[in-house]
Structure formats: structure tokens, C-alpha cells
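Letter by letter, the chains look like this.
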Amino acid sequence: MATSPRSVDTISLCSTVSSCPDRNGFYGGFQRTDKPKEPLSKAQIIAREKKWLYMIDNWSLYMSKNYKKIRDRCRKGIPKSVRPRAWFYLSGAYLLKKKNPNIYKELLEKPGNAHIIEEIKKDKHRQFPFHEMFLDEDKVGQIELFNVLKAYSIYNPKVGFCQAQAPIAAFLLMHLPAEDAFWVFVSVCDVYLEDYFISGLEVLQNDAGILEGLLKKTCPPVYRHLQKHKVEPLLYMTDWFLCAMTRTLPWETLLRVWDCFLAEGIRVIFKVALVILGATLNRHKVRKQCNGLCETLEVLRNPPEHVLDEDFIINNMQRLNLRVEDFQIEHTRQKARRAKQKAQEATAAQNNSNTNTFSRSRGSSPTNGSTSGNITVVNVNVGDGADLDTIAPISIKNGSSNSGHRP
Amino acid sequence: MEDYKFLFKIVLVGNAGVGKTCLVRRFTQGLFPPGQGATIGVDFMIKTVEVDGDKIKLQIWDTAGQERFRSITQSYYRSAHALILVYDISCQPTFDCLPDWLREIQEYANCKVLKILVGNKTDRDDREIPTQIGEEFAKQHDMYFLETSAKEAENVERLFYEIAAELIDQARRKDGTSAVNKNSMDAIGLGSLGTKASQNSCCSGFNSNSNQCTS
């Protein structure tokens, strides 16, 4: 096996690489699709486009008075031709850009932190290598990817650069001009996924517990299965959450999920995760076959095709019947769990128990400190668990998507 | 399917971009994927190999190299039977970080874990770390040493097979029943590692079994 060098890989990979890109720009890789898109009628497409254009023209009004309409239309899927603009508005990037003219160009002029620059350089050729924009170093994709990541690392030095951010930036660059992509990226990293990327990954670990709690509620047999085989959520959800599904889902599904994600925030990623978990391990027979940690992780890493189908995911996200309150309850529980855990550690270390660590300060948000798309978010500097009943996590519905861009 | 004599858990650590994932994929799938995406968190692969007629299941855990992921990856060191610490022979900073990694390992891994230092990317012609330097470092720190190229498939099979052989050896020395039998995969006590690295050159201390792959 694998005794002949080089040739082995080339051949085995070439078989999956096509000579022309698919409609999303992919020459190969699992996110390439040859299936024709289920066509809506032309009339339907035009009607949707019109509705979206009208909505974008009257964005503030819709955002403040009729957010539900926006959300529902996002769930139906944003027409391809309008998607880039819609994302630019949904994320609040249009306001960030307006508030900060020239900043992107100024950031590009700056040298940045040498260590971080090295890290980014190492990763710029590792994103979507089968996509036409990122095929080789001379293509504009890798150059812009480097620029966006570098600019962000200077813009938000607290985060700098996390490897999980690169696929998100690359994904955005496939849809938006560099400067616009940068501002959507800023919004996604600083609001939607706030504090996900900083050292320690405390927020992710917190959300891992929340996901487990929600799974227990939505799909108890799967929850029990994962418990039984000690499949910790961080083993399967780290990539899903930190990369906001960009490396997990087939392309058409990913686009639909991002339509919702930008409208509703991190709760969408939770729901997608729950659908994948539930649908993949729902059948008793499958669980029986996955009689161990590795076997279970293996199926979760490669869920059956139908489970990742766009309509399947989107429809089943709604069927989960999770309310905003369910997230809040789970958040409160998780916070208490972690507080308890930390307190024990702290007591052991003769330290003060420090629940403050678990609240996420909004102060640094580039948009508007008071709201966020992240369900795990509590309000600004919430002191400790005791306040939780009065200061609920901000729901996406009246939070996140509106955050920076509500008039 | 679950027919194996031993199960060993091997964990790869080292800076981002040194080629940990590529080593694993080369070994388990015979691939060298161009533009392999960064590992976010931890990942794993399984491969069953045959050593001296015994089927050995290797559970290979691949970890994110970037420092901020350590809070997640650390917890997987503890149950490892072998830790492969990888650096890139064409990138000095990845070598300079080795002492940090050793501290990590010391703190979070079992003290008897089998440690292997691997200098990867020997296919590159811009080498910055001479073989001898790597070797000496390994010797000083009581580790096995090997240079590899995931791209050219050089020494990759050897790396994993020899780890397997060494672990089997240790398990048998200790007493075949106590460690790593398939029913007690968490048991680690892998015998004395007194022989360790180093009297030899390139692949110090490793046996040179010629083995056959079964899956």
C-alpha cells in the first residue's frame, strides 16, 4: 500500500476533479455538485427577486417593523442574484462600511503582527483548494483572502487570527467584493460568533454543553447514545460551529443555511447541528452499528447524503420546534453547570469563584454593544447567574440581525 | 470486524502547518491532498495493520496546531499510548516551539507515553533544520526520532508500523494481559521505556519490522 510515492495521490484525487467548474465554481471536492438545481419557475424567481430588491431598498423599515418577513424570506432561500447584497444588509455590514469609510484600505497599508502574518500566509492556500478562486497562489482569491484576514487581525487584535476564520473569509469572498466581504466578515466574527475565536475557546465549550442539552430535549435516544459512548460534543461540533458549517455542508445547503444564519444568528447553527445529529443517528439500527466512539464519530463526520440535502435541513430545522426560550433555558443551565464546575476548581485553588468569566462582554462589538446574534450571549457585563432571569440572553429575533443596522 | 489483538491510541501534536494531517492521511488513505484544510479541534482516523501476524488497530488522533486550540486538544493527550511530535524541517519556528510542546506533553500526557519526534517535509529543498539537530534534540529529550515526507510517502509507513511494533513490545514485556488488550483500551501502563531513543541514527531505537497492511 502506498509504496509508490506521489502518483498515488494525484491519481486518486484527479478522479474527483473535473475540467470545468460547477455552478458554484468548484472543480472538485465534496462540495462540488453536478446535480442540476431544482428549478423554480422563471416567474417565481423574478417575483422573489423583486420582493428582495424592494425589501433592500426599504431595509431599515423592514428591519424595525417587519423583521419576521425578512426572516421568513431568508428561510425560503434568497435568490442567487440578490444574495450578495442581501447578506451585506442582513449582517449589518453595510452600516459598518458606511461608518468606517477608508478603514479597509488603511488596514491593508499597515504591516500587521509578523507572527500572525506568518500564520495567515500558511493558511491562505488551504481553503477550498478546488474552487476556481482559490486554485493557485496567483489567483485573486488567495491574495484577497490574505488581505481580508490580515486587515481583520489588525482591526480586532483581541482575536487576531484563528485558523477557523479562514474558511469563513474565503466563503464570503466567493460572493462579495473584498471590502464588502471584509465587513460581513467583521460582523460575523465580532457579533454572530463573538468571542468564539479567542484563546481558551471558552464560548465554544459553553455552547458544546448547550448543544448537548438541546439534543437531550429534541432527540433523547441520540443523546443517550452519545453519552453511552462518551462522544463529547467538542469532538464533532468544533468544526461545525467555529467554521459556521462552511466545511461541513454541501454548497447549496450551505448557502441556504447562511441565508438563515445571517438573519437569525448562531441558533441556526445549533439547529443544523441538531438536525444532522438527529437524522444521522435516529435509527436504532444505525446506533447499533455505531457501537463505539470512533464508529459514531465516523458517521457524524460523513452523514448520509439525504441528511445534508438543503430542503431536508431547512425543513427539519423548523420541525425541531425549538423556541427562543428553550435556548435561554439551556443557556442558563449550562451557565450554572460551568459556574459550579469552575467554583469547585476555584475553591480547590483557594480562589474566588468567578462567574464573571461566563458572561460575555459586549463592549467590544463593532456594531452595537447591546445586542447580539449569539444565543449564548447575556447582556453587557452581566454579573453572574443570579441576574439571568431578569436579563435574558438576547434573542436573535429582536437582537442580532438588527444589531448594528437598526436605524 | 472487531478482530484485532491490540488497540493503540496515537496522538499527533505540533505547530500548525507542519503536516500532521497529511502524515495521517498518507498513512491511512495513501493520499497527499493538496491544500489540506487546517484541523479545527481534533480529528481521528483508524487503521488496522498487521505486525508479526497480529492485527493491530491504530486509533490515530490528529490535533489542531494553533495555540488557541490547546484547551481543547490537551484533554486527548492523556489516554494516548504514543505521541508523535511533528515539526517542519524547512521551518525553524516549528522546531523552536518543541520545548513548549514538551511542556504540554509533560503536563497533560501520561508520563510513560511513547514519544516520537518527527521532522516532516524532507521533500523540500529549503531545509532549515539539519537531521542531526533534530536527532540530538530527540536524544536529549528521550524520544525516538524519524524524518518523513508525507508528500513523497517517505518513512510514513515505517513511522506508524514501528510505533505499533514498539507498543506491542512494551505491552508484551509488561504482561500481555494488562495493557491494551482490546477489552481494556484505556489501560496504558506500557512497561518500561528504558531503552528509549538514540543510540542509533535516523530512526533511533525503532525496530525494523517489515509488515503488511491489512486495511
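What counts, and where the lines are drawn
Residues numbered from 1 in each chain as written. Chains lettered and ligands numbered in written order. Predicted model: local features only at pLDDT ≥ 70, side-chain atom pairs only at ≥ 80, totals over all residues. Heavy atoms only, no water. UniProt positions renumbered as here; feature names shortened; annotations may be inferred. Helix = DSSP H or I, 4+ residues; strand = E, 2+ residues; numbered from the N terminus. Buried < 20%, exposed > 50% of the residue type's maximum accessible area, 1.4 Å probe, protein only. Contact = heavy atoms within 4.5 Å. Areas by Shrake-Rupley, 256 points an atom, 1.4 Å probe, with all protein chains shown as cover. Arc of directions from axis to C-beta. Polar contact = N/O pair within 3.5 Å; in protein donor to acceptor, adjacent residues only side chain to side chain. Domains from an automatic or database assignment. Buried area = accessible area lost by both parts, 1.4 Å probe. Salt bridge = Lys/Arg side-chain N within 4 Å of Asp/Glu carboxyl O. Nonpolar A, V, L, I, M, F, W, Y, C, P; charged D, E, K, R; others polar. Pairing = 2+ DSSP bridges. Core = buried A, V, L, I, M, F, W, Y, C linked by side-chain atoms within 4.5 Å. Axes fitted to C-alpha atoms, helices over the stretch in contact; angles between N-to-C directions. Parallel < 35°, antiparallel > 145°, perpendicular 65-115°, else oblique.

- An unreviewed UniProt entry annotates chain B as Ras-related protein Rab-30 originating from Glossina austeni.
- The UniProt entry for chain B carries the following comment under Catalytic activity (unreviewed entry): "GTP + H2O = GDP + phosphate + H(+)".
- Taken from UniProt, the Cofactor (unreviewed entry) comment for chain B reads in full: "Mg(2+)".

- As annotated in an unreviewed UniProt entry, chain A carries the name Rab-GAP TBC domain-containing protein and is attributed to Glossina morsitans morsitans.

1. A word on the overall build of chain A
Consideration 1: If you tally the helices and strands in chain A, you get 20 helices and zero strands.
Consideration 2: The burial tally for chain A puts 56% of its 407 residues in the buried class.
Consideration 3: When contacts within chain A are restricted to residue pairs at least 6 apart in sequence, long-range pairs at least 24 apart make up 72% of them.
Consideration 4: In the form shown here, chain A has an accessible surface area of approximately 17800 Å², with 52% of it arising from carbon and sulfur atoms.

2. Quick look at the overall build of chain B
Consideration 1: Regarding its fold elements, chain B presents six helices and seven strands.
Consideration 2: Starting at the N terminus and ending at the C terminus, chain B contains elements arranged as β-α-β-β-α-β-α-α-β-α-β-α-β.
Consideration 3: With 215 residues in all, chain B has 60% of them scored as buried.
Consideration 4: Contacts in chain B between residues at least 24 apart in sequence constitute 75% of all its contacts with a sequence separation of at least 6.
Consideration 5: Accessible area for chain B stands at about 8200 Å²; split by element, carbon and sulfur atoms hold 44% of it.

3. Looking at helix H8 (residues 114-123) of chain A
Residues and elements named next belong to chain A.
Consideration 1: When H8 is considered as a whole, its buried residues turn out to be Ile116, Ile117, Glu119, Ile120 and Asp123. What you see down the axis of H8 is that its buried residues fit within an arc of 160°, all on one side. With respect to the buried face of H8, the exposed residues turned more than 90 degrees away are Ala114 and His115.
Consideration 2: As for H8, its buried residues are in contact with helix H9 (140-155).
Consideration 3: Its side-chain oxygen placed 2.8 Å from the backbone nitrogen of His115, Asn113 serves as the N-cap of H8.

4. Quick word on the domain arrangement of chain A
Buried accessible area, meaning the area lost when the parts come together, often serves as the stated size of an interface.
Residues and elements named next belong to chain A.
Consideration 1: For chain A, the domain assignment lists domain 1 (41-76), domain 2 (92-192) and domain 3 (202-326).
Consideration 2: On a C-alpha basis, the centroid separation for the pair domain 2 and domain 3 is 27 Å.
Consideration 3: Listed per partner, the contact involves ten residues of domain 2 and 13 residues of domain 3.
Consideration 4: Here domain 2 packs against domain 3, burying approximately 1000 Å² in sum over the two surfaces, 82% of which is carbon and sulfur.
Consideration 5: On the domain 2 side of the contact with domain 3, Ile168, Phe171 and Tyr192 bury the most area, a combined 52% of that side's loss.
Consideration 6: Remark: the boundary between domain 2 and domain 3 carries zero salt bridges.
Consideration 7: Counting across the interface, domain 2 meets domain 3 through one residue pair in polar contact (both at pLDDT 80 or more).
Consideration 8: Among the elements of the structure, helix H10 (165-173) and helix H11 (178-192) are those that each provide at least two residues to the side of domain 2 that touches domain 3.
Consideration 9: Among the elements that take part in the side of domain 2 that touches domain 3, H10 stands out by supplying four residues, more than any other.
Consideration 10: Across the side of domain 2 that touches domain 3, the residue classes break down as nine nonpolar, one polar and no charged.

5. Observations regarding the interface of chain B and chain A
Consideration 1: Each partner contributes to the interface: chain B provides 40 residues, whereas chain A provides 40 residues.
Consideration 2: Looking only at chain B, the three residues that lose the most surface to chain A are Ile40, Phe44 and Arg68 of chain B, adding up to 22% of its buried area.
Consideration 3: Connecting chain B to chain A are two salt bridges.
Consideration 4: For Lys57 of chain B, the salt bridge goes to Glu295 of chain A, with nearest N and O atoms at 3.9 Å.
Consideration 5: Run the count over chain B and chain A and you get 13 residue pairs in polar contact (both at pLDDT 80 or more).
Consideration 6: By residue number, the principal contributor to the side of chain B that touches chain A is strand S2 (residues 42-51) of chain B, which donates six residues.
Consideration 7: Taken together, the residues of the side of chain B that touches chain A sort by class into 19 nonpolar, twelve polar and nine charged.

6. Points about the environment of Val17 of chain A
Residues and elements named next belong to chain A.
Consideration 1: Among the structural elements, Val17 can be located in the loop between helix H1 (7-14) and helix H2 (42-57).
Consideration 2: Classification of Val17 as partly exposed rests on a relative accessible area of 36%.
Consideration 3: Sequence separation between Val17 and Gly28 is eleven residues; the distance between their C-alpha atoms is 4.4 Å.
Consideration 4: Once residues within four sequence positions are removed from consideration, Val17 is found in contact with Tyr27, Gly28 and Phe130.

7. Some details on the pattern of salt bridges
Consideration 1: Considering all chains together, one arrives at 31 salt bridges over all chains under this definition.
Consideration 2: Salt bridges here are not isolated pairs; linked through shared partners, they connect Lys217, Arg323, Glu325 and Asp326 of chain A.

8. Observations concerning the pairing of strand S5 (residues 114-120) of chain B
Residues and elements named next belong to chain B.
Consideration 1: Of all seven residues in S5, seven are buried, a share of seventy percent or more.
Consideration 2: Burial along S5 is two-sided: Leu114, Ile116, Val118 and Asn120 facing one way and Lys115, Leu117 and Gly119 facing the other are all buried.
Consideration 3: Direction of pairing for strand S4 (residues 82-88) relative to S5: parallel, over a ladder of seven bridges. Bridge pairing links Asp88 to Asn120 in S5.
Consideration 4: As paired strands, S5 and strand S6 (residues 144-147) are joined by four bridges and run parallel to one another. Residue pairing in the sheet places Leu117 in a bridge with Phe145 of S6.

9. Quick word on the environment of Cys162 of chain A
Consideration 1: Among the structural elements, Cys162 of chain A can be located in the loop between H9 and H10.
Consideration 2: Residue Cys162 of chain A is classed as buried on the basis of its relative accessible area of 0%.
Consideration 3: C-alpha of Cys162 of chain A to C-alpha of Lys342 of chain A: the two residues are 180 residues apart in sequence and 25 Å apart in space.
Consideration 4: Residue contacts for Cys162 of chain A: discarding those within four places in its chain leaves Phe197 of chain A together with Gln66, Arg68 and Phe69 of chain B.

10. Here we look at the nonpolar core
Soluble globular proteins: nonpolar side chains tend toward being buried together.
Consideration 1: The biggest cluster of nonpolar side chains holds 149 residues, and the ones touching the most others in it are Leu172, Leu193, Phe197, Tyr236, Phe241, Trp258 and Phe261 of chain A.
Consideration 2: Of the residues forming this core, the biggest block, eleven residues, is contributed by H11 of chain A.
Consideration 3: Excluding residues that lie within four positions of it along the chain, Leu172 of chain A makes contacts with Trp87, Ala181, Val184, Phe185 and Trp258 of chain A.
Consideration 4: The next biggest cluster of nonpolar side chains, apart from the first, holds 34 residues, and it includes Leu12, Ala82, Ala150 and Phe160 of chain B.

11. What to know about the packing of H10 of chain A against helix H15 (residues 251-264) of chain A
Residue and element names in this part refer to chain A.
Consideration 1: For the pair H10 and H15, interaxial distance at closest approach is 13 Å and the crossing angle is 95°. Between H10 and H15, the angle is such that the two are roughly perpendicular. Seen from H10, the contacting residues are Ile168, Phe171 and Leu172; seen from H15, they are Trp251, Leu254, Leu255 and Trp258.
Consideration 2: Residue composition of the contact of H10 with H15, grouped by class: seven nonpolar, no polar and no charged.

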